[in-house]
Amino acid sequence: MNTVRMGLIGAGGWGAGWGAMHARTYAGMTGAELHGVADVDAGRAQAMADKFGARAYASTAALLADPEIDAVAVVTPDFAHDEVLLAAARAGKHILAEKPLAMTVEACERIVAAAEESGVALMVDFHARWSPPLYKAWEAIREGEIGAPRHVYYRLNDRIFVPTEMLPWAGKTTVLWFVGSHAIDTVRWLIGDDVARVYAVARKGLLQGRGIDTPDYYQSMLEFRSGATAVIENSWILPNSMPNIVDVKCEIVGDDGALYVDQSHNRALEKYTGTTGSYPDVFVMPSIYGAQCGFAADSIRHFVDCVREGRTPMITGYDGLMVTKVICAIEESIRTKQPVDIA
Ligand SMILES: NC(=O)c1ccc[n+]([C@@H]2O[C@H](COP(=O)([O-])OP(=O)(O)OC[C@H]3O[C@@H](n4cnc5c(N)ncnc54)[C@H](O)[C@@H]3O)[C@@H](O)[C@H]2O)c1
């Protein structure tokens, strides 16, 4: 296949709006074409199709029925992945699913089974695996430079802007699904192992007071099968005066060394204007001379390359399933105030 004709399902912020990561990446790369767009909001699908020179479909079913579409990106809200992913797999389309794969273990299992049955590629967009500093940390671990990894601290927090202003459906998800899913996948990938047991706490209050019924933050302890441990922190209540929307820190201590990553406050660029100071994003989604760069685009391009060359993507439905298992176990641990084993 020379060119992968992509269908974008979900033309909101990340797919085609403020981030437009999917639309801009397909439209700007060799080997892919943004062929069509579908959204429950037909006007939004049409506007995005016009903007990117694609076709708008009246429904997801119509897009999936088009034999000219080779693969789809599912960029609907976290709670609206399941049915779209199942329909895409049954329609025989290769699938790039936004994270999380789905919000229940049963739904993930059904989606993975449907993709296997249809023989389509299924990748979950855990793009931190393409982050330059995290990749160099992963490589150092693989090359034995710090010995066996023993304990990890990973923080992925957002300004309160995200649940209160950016995401209209924040009350239907949690910071654990929204960014914790990235954190859990990244730590699994860094350690190279699966999680055996979790223990976690979460607290509600600040966001509830603003009418958004979702926890303010989670602190989760993960035990891996190897005995390695990780502490993961995900908060949605950072003050809006922070210089970045996200705060990402990672520390990995091994038998023979340690690695420290600061992806968000690294100060590669400090910008001070008359009124504000900020550290603009240079890793995730910078646009350079109008071209979409950064690791959020790299993971999308990896999916397209895999479909074009008939390769299995580096991140599969299994990874999505395992992350959902960990998140569901964390929720159970919070409910029961007990450690929870993962089968
Ligand atoms: N990889 C990342 O770092 C990253 C960043 C932001 C968002 N995301 C993920 O992308 C997804 C979308 O997030 P967003 O911020 O763009 O949300 P959004 O609300 O801005 O956009 C979602 C779009 O999906 C449409 N939609 C809803 N239900 C649908 C359905 N059943 N069928 C078709 N269209 C439907 C909505 O009308 C909307 O246009 C979420 O899963 C989110 O977690 C990933």
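Residues numbered from 1 in each chain as written. Predicted model: local features only at pLDDT ≥ 70, side-chain atom pairs only at ≥ 80, totals over all residues. Heavy atoms only, no water.

Draft legend 1. Summary view of the sheet that holds strand β5 (residues 94-97). Across the sheet, 6 strands lie side by side as β3-β2-β1-β4-β5-β6; this open sheet has parallel pairing. Every interior strand has two partners, whereas the edge strands, β3 (55-56) and β6 (122-124), have only one. With 4 bridges joining them, strand β1 (residues 4-9) and strand β4 (residues 71-74) adopt parallel strand pairing. In the sheet register, isoleucine 9 faces β4, and the bridge partner there is valine 74. (Pairing = 2+ DSSP bridges. Helix = DSSP H or I, 4+ residues; strand = E, 2+ residues; numbered from the N terminus.)

Draft legend 2. View of a nonpolar patch on the surface. On the surface, Tyr199, Met221 and Val231 cluster together into a nonpolar patch covering about 230 Å² of accessible area. Locating methionine 221 in the fold gives a position in strand β9 (residues 217-224). For methionine 221, a relative accessible area of 36% corresponds to the partly exposed category. (Patch = residues over 30% accessible without salt bridge, like charges linked within 9 Å, V, L, I, M, F, W, Y side chains within 5 Å. Areas by Shrake-Rupley, 256 points an atom, 1.4 Å probe, with all protein chains shown as cover. Salt bridge = Lys/Arg side-chain N within 4 Å of Asp/Glu carboxyl O. Buried < 20%, exposed > 50% of the residue type's maximum accessible area, 1.4 Å probe, protein only.)

Draft legend 3. Expanded view of the packing of aromatic side chains. Throughout the structure, instances matching the rule amount to 6 aromatic pairs. Ring geometry for tryptophan 14 and tryptophan 18: centres 5.7 Å apart, planes at 55°, overall tilted. On the basis of an interplanar angle of 80° and a centroid distance of 6.0 Å, the ring pair of phenylalanine 79 and tryptophan 169 is categorised as edge-to-face. Of this pair, phenylalanine 79 sits in the loop between β4 and α4 (82-90) while tryptophan 169 sits in the loop between α7 (161-166) and α8 (175-191), placing them 90 residues apart in sequence. Through a chain of ring-to-ring contacts, three or more aromatic side chains come together here, namely Phe79, Trp169, Phe178 and Trp236. Across from the ring centre of phenylalanine 178, 3.9 Å away, lies the NZ or CZ of lysine 99, which sits over that ring. Here the basic side chain of lysine 172 rests over the ring of phenylalanine 79, its NZ or CZ set 4.6 Å away from the ring centre. (Phe/Tyr/Trp six-rings, centres within 6.5 Å; stacked < 30°, edge-to-face > 60°. Lys NZ or Arg CZ within 6 Å of the ring centre and 35° of its normal.)

Draft legend 4. Examining the pairing of β5 more closely. Taking every second residue as pointing to the same face, both faces of β5 are buried, with His94 and Leu96 on one and Ile95 and Ala97 on the other. In terms of handedness, the path from β4 via α4 over to β5 forms a crossover that is right-handed. Alignment of β5 against β6, held across 3 bridges, turns out to be parallel. Bridge pairing links leucine 96 to methionine 123 in β6. The parallel pair β5 and β6 is bridged by helix α5 (residues 105-118), and the resulting crossover is right-handed. (Right-handed = clockwise from strand over helix to strand, strands pointing away.)

Draft legend 5. The packing of helix α1 (residues 21-28) against helix α10 (residues 295-309), seen in detail. Put simply, α1 and α10 touch, their axes get as near as 10 Å, and they point 60° apart. With respect to their mutual orientation, α1 and α10 come out oblique. Note that α1 runs across α10; the crossing there is right-handed. When α1 is examined against α10, the residues Met21, His22, Thr25 and Tyr26 are found in contact with a partner set consisting of Ala296, Ala297, Ile300, Arg301 and Val304. (Axes fitted to C-alpha atoms, helices over the stretch in contact; angles between N-to-C directions. Parallel < 35°, antiparallel > 145°, perpendicular 65-115°, else oblique. Left-handed = near helix turned anticlockwise from the far one by under 90°. Contact = heavy atoms within 4.5 Å.)

Draft legend 6. Geometry of the sheet that holds β9. Overall, mixed pairing links the 7 strands, which are arranged β12-β11-β7-β10-β9-β8-β17 in an open sheet. Each of the sheet's edge strands pairs with one partner strand only, and the pair in question is β12 (258-262) and β17 (340-341). Its contacts with the sheet put α8 on β7 (149-158), β8 (195-203), β9, β10 (229-235) and β11 (246-254), and the angle it makes with β7 is roughly 155°. Its contacts with the sheet place helix α11 (residues 317-336) against β8, β9 and β17, and it is angled at close to 55° to β8.

Draft legend 7. Spotlight on the domain arrangement of the chain. What the domain assignment lists for the chain is domain 1 (4-127 + 297-315) and domain 2 (128-288 + 323-341). Spacing between the C-alpha centres of domain 1 and domain 2 amounts to 25 Å. Taken together, the 26 residues of domain 1 in the interface contact 20 residues of domain 2. Counting the surface lost from both domain 1 and domain 2, the interface buries some 2,000 Å², and carbon and sulfur atoms represent 70% of this. If you sort the residues of domain 1 by the area they bury against domain 2, Met103, Phe126 and His127 come out on top, with a joint share of 29%. Along the contact surface separating domain 1 from domain 2 lie 0 salt bridges. The set of elements that each furnish at least two residues to the side of domain 1 that touches domain 2 consists of α1, α5 and α10. (Domains from an automatic or database assignment. Buried area = accessible area lost by both parts, 1.4 Å probe.)

Draft legend 8. Highlighting the environment of alanine 230. Take alanine 230: it is sitting in strand β10. In this structure alanine 230 comes out as buried when scored by relative accessible area, which is 1%. For alanine 230 and proline 133, which are 97 residues apart along the polypeptide, the C-alpha to C-alpha distance reads 19 Å. Setting aside chain neighbours within four positions, we find alanine 230 in contact with Val152, Val187, Ser220, Met221, Leu222 and Phe224.

Draft legend 9. Seen up close, the site of the ligand. Within the structure, the ligand sits among 24 residues, and Gly13, Asp39, Arg44, Asp78 and Trp169 are positioned closest to it. Take glycine 12: an N or O atom from its main chain is 3.4 Å from an oxygen atom of the ligand. The contact in question runs from an oxygen atom of the ligand to an N or O atom on the side chain of aspartate 78, over 2.6 Å. For the ligand, the protein covers 87% of the area, taking 850 Å² as the surface of the free molecule. Its residues assigned to classes, the shell around the ligand shows 10 nonpolar, 8 polar and 6 charged. Taken domain by domain, the shell around the ligand gets at least three of its residues from each of domain 1 (4-127 + 297-315) and domain 2 (128-288 + 323-341). (Near = heavy atom within 4 Å. Polar contact = N/O pair within 3.5 Å; in protein donor to acceptor, adjacent residues only side chain to side chain. Nonpolar A, V, L, I, M, F, W, Y, C, P; charged D, E, K, R; others polar.)

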